[in-house]
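Summary of structural features
Residues per chain, in single letters:
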Amino acid sequence: MQTRRIPWLHTLSASLLLLQAAPCLAQSLHSERGGLQSTDLVHRPSLTSTTLDPLRSLAISDHATVSTITARRVFDQLIRQAGDTGLTSDQLFRQLWDTQNPAPGQPDLPGGPHCSDNGNTLNGAPYVCRPLEGADASAQSVPLDRYILVGLFNRFDLAPVDGAHCGEYRMSFARFVAAPQVRSRNRFILEGVLPNPAPELGLEGCRPVAQAWARLSTLEDLTQRQALLNALFFEGLAPGIPPVIHISHYGDNPSGAGQVRTNMFMQQGVGAPNPWMLREFKLKHQCDATGCTPRFIPVTVKSTPRGDFFNPLNTNPLAVGFRDHFITQVASLAVDDFNRFNYAVPDVYNAAQSSSMPSFGSVDNFLVEFNKAATPNAFSDALQAELQRIGSTLTPHQVVARAQLLSCGGCHDLSRGTDLGGTPGIVPIDFKRFVQVDDLLSPLPPPGPDSRYALSTSLTTAFLPFRQQLLGAFLDTPVLDATVSAPDPQVLHVQAGQPFRGTVQVANTGTTAWSAAQGVRATSLDGAADLTLAPGEVIHFGQGKTFDFTHTAPTSLGQTTYRWRLQRNGLAFGPEVSLTVEVQPAPR
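Cut-offs and rules
Residues numbered from 1 in each chain as written. Predicted model: local features only at pLDDT ≥ 70, side-chain atom pairs only at ≥ 80, totals over all residues. Heavy atoms only, no water. Helix = DSSP H or I, 4+ residues; strand = E, 2+ residues; numbered from the N terminus. Buried < 20%, exposed > 50% of the residue type's maximum accessible area, 1.4 Å probe, protein only. Contact = heavy atoms within 4.5 Å. Salt bridge = Lys/Arg side-chain N within 4 Å of Asp/Glu carboxyl O.

1. So, the side chain of Q404
Relative to the helices and strands, Q404 resides in helix α14 (residues 396–405). Relative accessible area serves as the criterion here: at 1%, Q404 is assigned to the buried category. Beyond its immediate chain neighbours, meaning those up to four positions away, Q404 contacts D364, N365, F366, L367, G410, L414, S415 and T418.

2. Notes on the pattern of salt bridges
On inspection of all chains with the given rule, the structure shows 27 salt bridges. One salt bridge in this structure joins E32 and R170, with 2.9 Å as the shortest N-O distance. One end of the pair, E32, is in the segment before α1 (47–51); the other, R170, is in strand β5 (residues 165–175), and 138 residues separate them in sequence. Taking relative accessible area as the criterion, R170 reaches 7% and is therefore assigned buried. Of the charged contacts, one joins D530 and R521 as a salt bridge, the two residues approaching to 3.4 Å between their closest N and O atoms. The exposure class of R521 is partly exposed, given its relative accessible area of 35%. By sharing partners, the salt bridges in this structure join E32, R155, D157, E168, R170, E191 and R261 into a single network.

3. Re α14
For α14, a buried count of 9 out of 10 residues is recorded, marking the element as mostly surrounded by other parts of the structure. Tucked into the core, α14 has its buried residues touching α10 (317–328), α11 (330–333), α12 (366–370), α13 (378–389) and α15 (408–414).

4. Some thoughts on unusual backbone geometry
Between A103 and P104 the backbone carries a cis peptide bond, its omega angle lying at 10°. Within the secondary structure, P104 sits in the loop between α5 (89–98) and α6 (117–120). Each neighbour pair has its own omega, and for T375 with P376 the value is 0°, a cis peptide bond. When you line up the elements, P376 lands in the loop between α12 and α13. For N118, which is not a glycine, the phi torsion comes out positive at approximately 55°. Inspection of the secondary structure puts N118 in helix α6. Non-glycine residue S303 carries a positive phi angle of around 55°. Inspection of the secondary structure puts S303 in the loop between β9 (291–299) and α10.

Structure follows, in structure tokens:
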């Protein structure tokens, strides 16, 4: 294949380039947790959340809906957006699987990455070849048409609190399996990150996206729901709001947000099977002497450190550095909530792949690796000391178990029956054997009006109710709102006629970001100076602001109250802000 050097067609407009906004304040390197999950939305009463249907607004797997979207249509759109590169939809799809073959790979897909690169390593970690999955790179077949959509997933909960983007929206495709006894299963998941169409508003800019997903719950007409999903994924909801499926939404943007993940279990015969393997990719355009072309690039699997780094006997400097870092994450992992405990893993520690089958060695099983060293040992002792410091009753073993559940393999069966301690307890949730949405219709074909690809009970009983609460609470949160903290001391003693310094504290509890550019200030109601934000300062949802000011006390003795009203471009919002001073005689 000859490619032609041309500009990357349809370079994102200003609305798409908004991903380069300020760094995500609550974003985790984990692919599943972070963003709104760290806010108090989970605790806010929400009437809207009770009106949401999780099977319409959060996890859509009914055959009538998903069967209308083909993998070919998705890849056709990506190729159109890529411009005149000379690459076809089939070639782009085949190149994804050619990464699983040793170099040089398929002759019409030159220049791409392969599993044999860097001595079968990625990020210094093992990256084995998978020729059975690599067979889908063959030009002798049409593999793209073998994959069917089994689920659409709304991950608005992954939107960061600063609204740097509006969350992830996922499409799970499975290689068609005609019967349950067939074991040649293969999956890929497109996890597109949608830019915020109005980042200057912060999280509020994402409201149209959240409203569209919520509207799916109340649309009874199937055709109308399909049309709305078509707008979300293929056309764009409105001017300035691009479709989820865009060539730049899977990692090729300034923040590198979005990814494609694979879940591979292709088999040959009934002998020793390949382990069920999970991997991650970014879709990026690459240029060489022949031109520019989009390619799937293997990257690390997030929040999945190399398992042997948990082994206290591993003295590799990188392993030692990881264990030192892990101790700093104990408090986040000890959060007593199944949906909210989390931790950050710097990418230098992440593995290149993750197996969810414990029978294929212990390297992906953090607990097995952790237990290879007799206790007491320095790592276990340090974990115990940190747990005692924060007042947690968890054990070091349970903290490592929580980290394992957050790994790729842990989320796909490796952590079944593991003791997490605290309220979560023993992982009681029944997974769909390595997947969260089945690739077999229930009931089996022929499809009927109620046929769907079954969801795991981990989704239906734990994850979806949590995401339902977050989405509803966000939609119920006012566009502009604030809370005021009482000053300490509540009455400030000042001297008559003398300058004094005072502070008032407020928190942004609305979804719109506060900034001077957005006209946000606290206007005095009684002649004191207005309270203003510094140029470039932004206060996002859930953040607090302490206003410091200097004022001259009145000459009359007794109590005086100074009052302000928060305003945005003259529109008042939130409660009144006040500070009371007790004016005392000045010393003679």
